[in-house]
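So the chains spell out like this:
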Amino acid sequence: MASKKWAVSLLLIVLFPILLTLLVVRLAFTDLFVEFLYKRVDLPPDPMPYELRLSIAKLGLRSVLSDSGMEEFKSSGLFNEREIKHMEDVKRLLSFFFGFLYITLPIWLLGFFSLKNRKDMGKVLFFGGLLLEVFVLFVLIASAVNYDWLFTAFHNLFFDPYSWRFRDEDMLLRVYPMDFWFKATLYTAVGVFLVNLFLQTLGFILWRRSS
């Protein structure tokens, strides 16, 4: 029985950083977050007015979250075939990750509360938080040192290396310049860190008060 509980706790610890990261990323895929970023992004000069660029950026967001959004994206006439193909690839990737989140998070919560012992629950939050801290620190340091490398490594890992590179005049780069992705990564990582810090502190309290 003890070995089974240990195995459950270990699985919960390993899944914790994955699920928390995906949860915060999902919350970032909203119009509010795009608006928040656009007020802080260094947008390169462009003949398109600010409000139009923001509107197109929101259109891109909808395209990767739903079939109707993708149809709207395709029929807009603003994007070439390579841009459409890339956004379809992004949509498939997000469908997989967010689907994993929607299915696994409730199961994780059931497993977490099935531990019943506050000490064991605290350890899951604390040590799962440690794993996530390592990941967040890596992302923040890599972003500060060489964000282009991090951006390229991520895209080459999940997409065909030749499918996501675009020209400066392509619409995707006009509405999503590199500074957009840099700040999106930065703010999302900080968001993950803050939520994780709260849960890790809670875990530490549960663990130590139960000892």
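Residues numbered from 1 in each chain as written. Predicted model: local features only at pLDDT ≥ 70, side-chain atom pairs only at ≥ 80, totals over all residues. Heavy atoms only, no water.

Caption draft 1: A look at the overall build of the chain. Of the regular secondary structure elements, the chain holds eight helices and zero strands. Reading the chain from its N end, one meets helices and strands in the order α-α-α-α-α-α-α-α. Here the C-alpha coordinates of the chain stretch approximately 65 × 35 × 30 Å along the principal axes. Residue burial in the chain is summarised as follows: out of 211 residues, 42% are buried. Sequence-distant contacts, at least 24 apart, represent 74% of the contacts inside the chain between residues at least 6 apart. For the chain, the exposed surface amounts to about 12300 Å²; the carbon and sulfur share of it is 69%. For the chain, the separation between the mean place of its 23 positive charges and that of its 20 negative charges on side chains is 15 Å. (Helix = DSSP H or I, 4+ residues; strand = E, 2+ residues; numbered from the N terminus. Buried < 20%, exposed > 50% of the residue type's maximum accessible area, 1.4 Å probe, protein only. Contact = heavy atoms within 4.5 Å. Areas by Shrake-Rupley, 256 points an atom, 1.4 Å probe, with all protein chains shown as cover. Lys, Arg positive; Asp, Glu negative; His and termini not counted. Charge placed at Lys NZ, Arg CZ, Asp CG, Glu CD.)

Caption draft 2: Focus on unusual backbone geometry. One non-glycine residue, Lys-116, adopts positive backbone phi at about 65°. Within the secondary structure, Lys-116 sits in the loop between helix H5 (81-114) and helix H6 (118-158).

Caption draft 3: Layout of the environment of Lys-74. Mapped onto the fold, Lys-74 is located in helix H4 (residues 67-75). Along the primary structure Lys-74 and Gly-60 are separated by 14 residues, whereas in three dimensions their C-alpha atoms are 10.0 Å apart. If near-sequence neighbours (up to four positions away) are discounted, Lys-74 is found in contact with Ile-84 and Glu-88.

Caption draft 4: Focus on the packing of helix H2 (residues 31-38) against helix H8 (residues 178-210). Running from N to C, H2 and H8 point in directions that differ by 115°, and their axes come no closer than 10 Å. Crossing handedness for the pair H2 and H8: right-handed. Between H2 and H8, the contacting residues are Phe-33, Phe-36, Leu-37 and Tyr-38 on the first element and Phe-180, Lys-183, Ala-184, Tyr-187 and Thr-188 on the second. Of the residues belonging to the contact of H2 with H8, the class tally is seven nonpolar, one polar and one charged. (Axes fitted to C-alpha atoms, helices over the stretch in contact; angles between N-to-C directions. Left-handed = near helix turned anticlockwise from the far one by under 90°. Nonpolar A, V, L, I, M, F, W, Y, C, P; charged D, E, K, R; others polar.)

Caption draft 5: The arrangement of H8 in detail. Here H8 is 33 residues long and its end C-alpha atoms lie 47 Å apart, about the 48 Å a rise of 1.5 Å per residue gives. Looking at H8, one finds that the buried residues are Asp-179, Phe-180, Lys-183, Ala-184, Thr-188, Ala-189, Val-192, Asn-196, Gln-200, Gly-203 and Trp-207. (Expected span 1.5 Å × (residues − 1).)

Caption draft 6: Inspection of the nonpolar core at higher detail. Membership of the largest hydrophobic core comes to 56 residues, with the highest contact counts inside it found for Tyr-38, Phe-73, Phe-79 and Trp-108. The set of elements that each furnish at least two residues to this core consists of helix H1 (2-28), H2, helix H3 (50-63), H4, H5, H6, helix H7 (171-175) and H8. Sorting elements by how many residues they give to this core places H6 first, with 10 residues. Non-local contacts of Phe-73, meaning those with residues more than four positions away in its chain, are made with Leu-59, Gly-60, Ser-63, Phe-79, Glu-83, Ile-84, Met-87 and Leu-172. (Core = buried A, V, L, I, M, F, W, Y, C linked by side-chain atoms within 4.5 Å.)

Caption draft 7: View of the packing of aromatic side chains. Across all of its chains, the model carries 23 aromatic pairs by this definition. Here Phe-16 and Trp-108 contribute two aromatic rings whose centre-to-centre distance is 6.0 Å and whose plane-to-plane angle is 45°, an arrangement assigned as tilted. Of the two residues, Phe-16 sits in helix H1 while Trp-108 sits in helix H5, which places them 92 residues apart along the sequence. For Trp-108, a relative accessible area of 8% translates into the label buried. An angle of 75° between the planes, with centres 5.8 Å apart, marks the rings of Phe-29 and Phe-98 as edge-to-face. (Phe/Tyr/Trp six-rings, centres within 6.5 Å; stacked < 30°, edge-to-face > 60°.)

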